[in-house]
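What the coordinates show
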Amino acid sequence: MAVWDDLVGQERVTDQLAAAARDADALVTVEEAGRAAVSESAPASMSASRMTHAWLFTGPPGSGRSTAARAFAAALQCVSPDRALGGAPGCGFCDGCHTAMVGTHADVEVVRTDLLSIGVKETRDLVRRASMSPAGGRWQVIVLEDADRLTEGAGNVLLKAVEEPAPRTVWLLCAPSIEDVLPTIRSRCRLLTLRTPATSAVADMLVRRDGIEPAAAGAAARATQGHIGRARRLATDERARARRAAVLKLPLRIDDIGGCLRSAQELIDAAGEDAKQVAEEVDAKETEELRAALGAAAGTGGRLPRGTAGVMKDLQDKQKRRSTRTQRDSLDLALSDLTGFYRDVLALQLGSAVELANEDVRDSVQRIATGSTAERTLRRIEAVLACRRALDRNVAPLLAVEAMTAALRAS
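First, a word on what this report is: a plain description of the structure on this page. (Residues numbered from 1 in each chain as written. Predicted model: local features only at pLDDT ≥ 70, side-chain atom pairs only at ≥ 80, totals over all residues. Heavy atoms only, no water.)

Thoughts on the pattern of salt bridges
Our working rule: Throughout this description, the term salt bridge denotes a Lys or Arg side-chain nitrogen within 4 Å of a carboxyl oxygen of Asp or Glu. A run of H or I in DSSP counts as a helix once it spans at least four residues, and a run of E counts as a strand once it spans at least two, with each numbered from the N terminus. We call a residue buried when its accessible area falls under 20% of the maximum for its residue type, exposed when it is over 50%, and partly exposed in between, using a 1.4 Å probe and counting protein chains only.
Using the criterion set out here, one finds 24 salt bridges in the structure. Residue D6 is joined to R209 by a salt bridge in which the shortest nitrogen-to-oxygen separation is 2.6 Å. With D6 in the segment before α1 (11-32) and R209 in helix α7 (residues 199-210), this pair connects stretches of sequence that are 203 residues apart. On the basis of relative accessible area, D6 is assigned to the buried category, the value being 14%. For R138, the salt bridge is made with D25, and the minimal N-O distance between the two is 2.7 Å. Within this pair, whereas R138 is found in the loop between α4 (120-130) and β3 (140-144), its partner D25 is found in helix α1, the two being separated by 113 residues in sequence. D25 shares its class with R138; the two are buried.

Take a look at the structure:
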């Protein structure tokens, strides 16, 4: 299948990327041929083509920003012989496409972070890599999936590389919106805006690619309102379904202050459990691998060589930051589910004909809708959004969630 097949509901973006990949292929082919005679369809230069050296993919969570960037990276590295016969780059089967998509291509660097930010040191390493010529592929491609997490210093480091790109180097930046990227960087990138795909398109993809039963796929797509990653997780992970069910019970359990505080604590505990599970899966392995690399004595209690304590401390700090982000991501997911619940309440109160996202808990949605007004529901949605903003500003999670549950009760 072509590399674009997993890009759900983004036909306009797919067309633009496919056209740019064709121009990129023509540019490289001409260069490799020693700038021989150029066919009528080949652009004469980068400035005359639909290809450029820096791209910014924006769109709401779950729209497929990183999927689009990785698919474009694969199309740029496509070496299918069908290209010489008029075939489009991005076949999905050749060595260039396959290795780029699975993350093993030598000239495609995919950068994602499980920390709260991307710092100057990591960005300088990327810039050094981007200055090199392709090792074996057609382009040197850097995919930065979390461009919105660049610190200000890191953004300034990246700016220089985007302003003066190395030949045959392409930057693919992903962020929720253009406001999440420095103006000086986004002004030098070609912008592609993705949209939230239709739930039917997400359900079809889950059936086709993951083999999920149509009914379960449809329910997961509706519950996540078109968020591809969350829909897949909800359809395949029993723990995710149990966690969502617990969150959707919260509106019925905040009749008094005690219920508000208990519900807030349970949300925090659930997020902490997620962070603990990640730590159990990753931290111990990372620590043991680093100890072995440093030459520590066998066993977890073995002594480290002198002068290596600082390296271990850096790893522990990284693991602590990762745990913090995991907890916040889990809380944000719960708040998204809660927003969807009140969205359904508002739809019933206004008599809207839109499909309910949480059809499986319609009784609860109906009960809250009957016992309140649309004005109160809007205030409750604002309380959830205010909690998300507070978490973004590093307010203590328990304090932010307690304030939210109290506001939900008072509204």
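Some thoughts on the side chain of T224
Threshold: Counting of polar contacts relies on pairs of N or O atoms within 3.5 Å, with two restrictions inside protein: one atom must be capable of donating a hydrogen and the other of accepting it, and residues adjacent in sequence are counted only when both atoms are side-chain atoms. Note on contacts: a residue pair is in contact if any heavy atoms of the two residues lie within 4.5 Å.
By the element assignment, T224 lies in the loop between α8 (214-223) and α9 (228-236). Judged by relative accessible area, T224 falls into the buried class, the value being 6%. Within the structure, the side chain of T224 is placed 3.4 Å from the backbone oxygen of A221, a separation counted as a polar contact. If we skip the residues at most four places from it in the chain, T224 touches R230, A231 and L234.

Re the nonpolar core
Heads up, the condition is: Here, nonpolar core means buried Ala, Val, Leu, Ile, Met, Phe, Trp, Tyr and Cys residues that are tied together by side-chain atoms lying within 4.5 Å of each other.
Ranked by internal contacts, the top residues of the largest apolar core, which has 36 residues, are L17, M51, W55, F57, F72 and L172. Among the secondary structure elements, those contributing two or more residues to this core are α1, β1 (54-58), α2 (65-76), α3 (95-102), β3 and β4 (169-175). Residues contacting F57, with those up to four places away along its chain left out, are L17, R65, A68, A69, F72, L172, L173, C174, A175, L192 and L194. Grouped together as the second largest cluster of nonpolar side chains are 30 residues, L267, I268, A334 and V384 included.

Describing the sheet that holds strand β5 (residues 190-193)
The strands making up a sheet associate through hydrogen bonds between their backbones, and the pairing can be parallel or antiparallel. Threshold: The criterion for strand pairing is that DSSP finds at least two bridges linking the strands in question. Only C-alpha atoms enter the line fits that serve as axes; for helices the fit covers just the stretch in contact. Angles between N-to-C directions range over 0 to 180 degrees.
Strand order in the open sheet made by the five strands is β2-β3-β4-β1-β5, with parallel pairing throughout. Each edge of the open sheet is held by one strand with a lone partner, namely β2 (108-111) and β5. Averaged over all pairs of adjacent strands, the angle between their axes in this sheet comes to 15 degrees, without regard to strand direction. As defined by bridge partners, β2 adjoins β3 across four bridges and the pair is classed as parallel. Its bridge partner lying in β3, E109 is registered against I142. Contacting β2, β3 and β4, α4 runs over the sheet at an angle of about 160 degrees to β3.

Some thoughts on the packing of aromatic side chains
Which entries qualify depends on this criterion: Within 6.5 Å between ring centres, the rings of Phe, Tyr and Trp (the latter by its six-membered ring) count as paired, and their orientation is classed by plane angle as stacked under 30 degrees, edge-to-face over 60, tilted in between. A ring is scored as having a charge over it whenever the NZ atom of a lysine or the CZ atom of an arginine sits within 6 Å of its centre and within 35 degrees of its normal.
Within this structure, the stated rule accounts for two aromatic pairs. The ring of W55 has R190 lying over it, and the distance from NZ or CZ to the ring centre is 5.2 Å.

Focus: the packing of helix α12 (residues 309-349) against helix α15 (residues 397-410)
For clarity, the cut-off: Each angle is binned into one of four classes, with values under 35 degrees roughly parallel, values over 145 roughly antiparallel, values of 65 to 115 roughly perpendicular, and all other values oblique. Gly falls in the polar group here, along with every residue not listed as nonpolar (Ala, Val, Leu, Ile, Met, Phe, Trp, Tyr, Cys, Pro) or charged (Asp, Glu, Lys, Arg).
Axis separation between α12 and α15 bottoms out at 12 Å; the angle between their running directions is 10 degrees. By the angle between their directions, the pair α12 and α15 is classed as roughly parallel. Residues Q327, L331, L335, L338 and Y342 of α12 form the contact with α15, whose participating residues are P397, V401, M404 and L408. The class makeup of the residues in the contact of α12 with α15 is eight nonpolar, one polar and no charged.

Overview of the side chain of R65
For the record, the criterion: Two residue types count as positive, namely Lys and Arg, and two as negative, namely Asp and Glu; His and chain ends fall outside the count.
Within the secondary structure, R65 sits in helix α2. Of the side chains with opposite charge, D148 lies nearest to the buried R65, which makes no salt bridge, at 5.7 Å. Here P60 takes part through its backbone oxygen, which lies 3.4 Å from a polar atom of the side chain of R65. Excluding its chain neighbours within four sequence positions, the residues that come into contact with R65 are F57, T58, G59, P60, C174, A175, P176 and L194.

Some thoughts on unusual backbone geometry
For Q225, which is not glycine, the phi torsion reads 55 degrees and is therefore positive. Within the secondary structure, Q225 sits in the loop between α8 and α9. Here Q225 falls in the partly exposed class, since its relative accessible area comes to 36%. Despite not being glycine, N394 has its phi angle at roughly 65 degrees, a positive value.

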